[in-house]
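Coordinates in review
Listed below, chain by chain, are the residues.
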Amino acid sequence: MAKIQPETLNLGKDLPKHIGIIMDGNGRWATRKGLPRKLGHRAGMERLRGLIRFSSDIGIEALSLYAFSTENWKRPKEEVGALFELFMEYFLSELDELHKNGVCIRIMGDMSAFPQRMQDAMAEAMSKTASNPGLKLNIALNYGSRAEVVRAANILVKKGEEVDEEALMNALYTAGLPDLDLVIRTAGEQRLSNFMLLQAAYAEFVFTDETFPELTEELYTGCIREYQRRTRRFGAVVEKK
Ligand code: IPE
Ligand code: IPE
Ligand code: MG
């Protein structure tokens, strides 16, 4: 497939460096079609493949995806199991392609709760792609922002040094990455659900009524355009764009 150039989309240079996506609404997408929820998750995974490639093609620096939260364990066992199966399938089928495209994979979250073969697959994905120069792809799995901050606090306590903002931010999973510029949440809900609270301190939020399986490249580009129309002030006085 030909590489999509940002110029042909007229996105200009003002691309968000770091985008977060709260991939919501897979279940509702399926239910509306009279399908089991797990087919919604499958449709979400297919959409994900496209959006990761697209983000990489248009030159997004970092993409953080909310795939499974620390709260999602409250779901029925069968649904959680189906989700894990899909994650495995995704990693096994996409790893080579992602690696070839220079994508660098980072898993954010407590992996120890997952089946061993899944932990092995994640560890392989991370080590294989660690020095890749392309899109930084962060996948939040068994992730919660509060758990991340607790983990960071423990890392810092062990170091025993005085903590400043830089030290705190560097103890998060996103160490070394820019803050989130844009957070997109699909399926109409307007909340963070424990996603990257510190990294989103000055992010712009765009909510879509469409569910995640319906987040086409066109809609995603529309979210980026919406971001570009916003005036970011970071607390200062800035003339409107
Ligand atoms: C998001 O879709 C995927 C995960 C949370 C894993 P949902 O499964 O939350 O879909 P809805 O919100 O129930 O429609
Ligand atoms: C947030 O979606 C978590 C992920 C997208 C992985 P949820 O569907 O779990 O969030 P709530 O329960 O509606 O807040
Ligand atoms: Mg949901």
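This section reports on the structure supplied with the text. Not measured: the values here are computed from a predicted model.

**Section: the pairing of strand β1 (residues 18–22)**
In terms of burial, β1 is largely enclosed, as five of its five residues are buried. Side chains of β1 alternate between two faces, with His18, Gly20 and Ile22 and Ile19 and Ile21 buried alike. Where β1 meets strand β2 (residues 62–69), five bridges bridge the pair, whose relative direction is parallel. Its bridge partner lying in β2, histidine 18 is registered against alanine 62. As paired strands, β1 and strand β5 (residues 182–185) are joined by four bridges and run parallel to one another. Counted as the bridge partner of glycine 20 is valine 183 from β5.

**Remarks on the site of ligand 2**
In the vicinity of ligand 2, the contacting residues are Ile22, Met23, Asp24, Tyr66, Ala67, Phe68, Asn72, Arg75, Arg185, Arg191 and Ser193. In this structure, arginine 191 approaches ligand 2 through a side-chain N or O atom, which is 2.8 Å from an oxygen atom. A total of 390 Å² of accessible area belongs to ligand 2 in isolation, and the protein chains cover 78% of it. With respect to the pocket detection grid, ligand 2 is positioned in the largest pocket.

**Observations concerning the pattern of salt bridges**
Where charged atoms from two side chains of opposite charge approach closely, those side chains can pair. Tallying each qualifying case throughout the model produces 18 salt bridges. A salt bridge links arginine 49 to glutamate 46, with the nearest nitrogen and oxygen atoms 3.0 Å apart. Taken together, the residues arginine 49 and glutamate 46, both in helix α2 (residues 37–58) and three residues apart, mark about one turn of the helix. On the accessibility criterion, arginine 49 (15% relative accessible area) is buried. A salt bridge links lysine 100 to glutamate 97, with the nearest nitrogen and oxygen atoms 3.6 Å apart. Here lysine 100 pairs with glutamate 97, and both are found in helix α3 (residues 77–100), just three residues apart, close to one helical turn. Look at the salt bridges and you will find they share partners, linking Asp181, Glu204, Glu226, Arg229, Arg230 and Arg232 into a network.

**Quick notes on the packing of aromatic side chains**
Here the structure, examined in full by the defined rule, presents 15 aromatic pairs. A centroid spacing of 6.2 Å and a plane angle of 55° characterise the contact between tyrosine 143 and tyrosine 173, whose relative ring orientation is tilted. On the criterion of sequence distance, the pair formed by tyrosine 143 in strand β4 (residues 136–143) and tyrosine 173 in the loop between α6 (165–170) and β5 is long-range, its members being 30 residues apart. An aromatic cluster of at least three residues, connected via ring pairs, comprises Phe68, Trp73, Phe84, Phe87 and Phe114.

**Looking at the site of ligand 1**
Within the structure, ligand 1 sits among 13 residues, and Met23, Asp24, Gly27, Arg28 and Arg75 are positioned closest to it. Asparagine 26 places a polar main-chain atom, nitrogen or oxygen, 3.2 Å from an oxygen atom of ligand 1. One of the backbone nitrogen or oxygen atoms of arginine 28 is found 2.7 Å away from an oxygen atom of ligand 1. Protein contacts shield 88% of the accessible area of ligand 1, which totals 380 Å² for the unbound molecule. Judged by the fraction of its atoms near the pocket grid, ligand 1 is located in the largest pocket. Elements with a minimum of two residues in the shell around ligand 1: α1 (26–32), α2 and α3. A total of three residues in the shell around ligand 1 trace back to one element, the largest contributor, which is α1. Classifying every residue of the shell around ligand 1 gives three nonpolar, five polar and five charged.

Analysis parameters
Residues numbered from 1 in each chain as written. Chains lettered and ligands numbered in written order. Predicted model: local features only at pLDDT ≥ 70, side-chain atom pairs only at ≥ 80, totals over all residues. Heavy atoms only, no water. Buried < 20%, exposed > 50% of the residue type's maximum accessible area, 1.4 Å probe, protein only. Helix = DSSP H or I, 4+ residues; strand = E, 2+ residues; numbered from the N terminus. Pairing = 2+ DSSP bridges. Near = heavy atom within 4 Å. Polar contact = N/O pair within 3.5 Å; in protein donor to acceptor, adjacent residues only side chain to side chain. Areas by Shrake-Rupley, 256 points an atom, 1.4 Å probe, with all protein chains shown as cover. 1 Å grid on protein atoms, 1.4 Å probe; cavity = no way out; pocket = protein on both sides within 12 Å on 5 of 7 lines; lining within 4 Å. Sits in = over half its atoms within 2 Å of the grid points. Salt bridge = Lys/Arg side-chain N within 4 Å of Asp/Glu carboxyl O. Phe/Tyr/Trp six-rings, centres within 6.5 Å; stacked < 30°, edge-to-face > 60°. Nonpolar A, V, L, I, M, F, W, Y, C, P; charged D, E, K, R; others polar.

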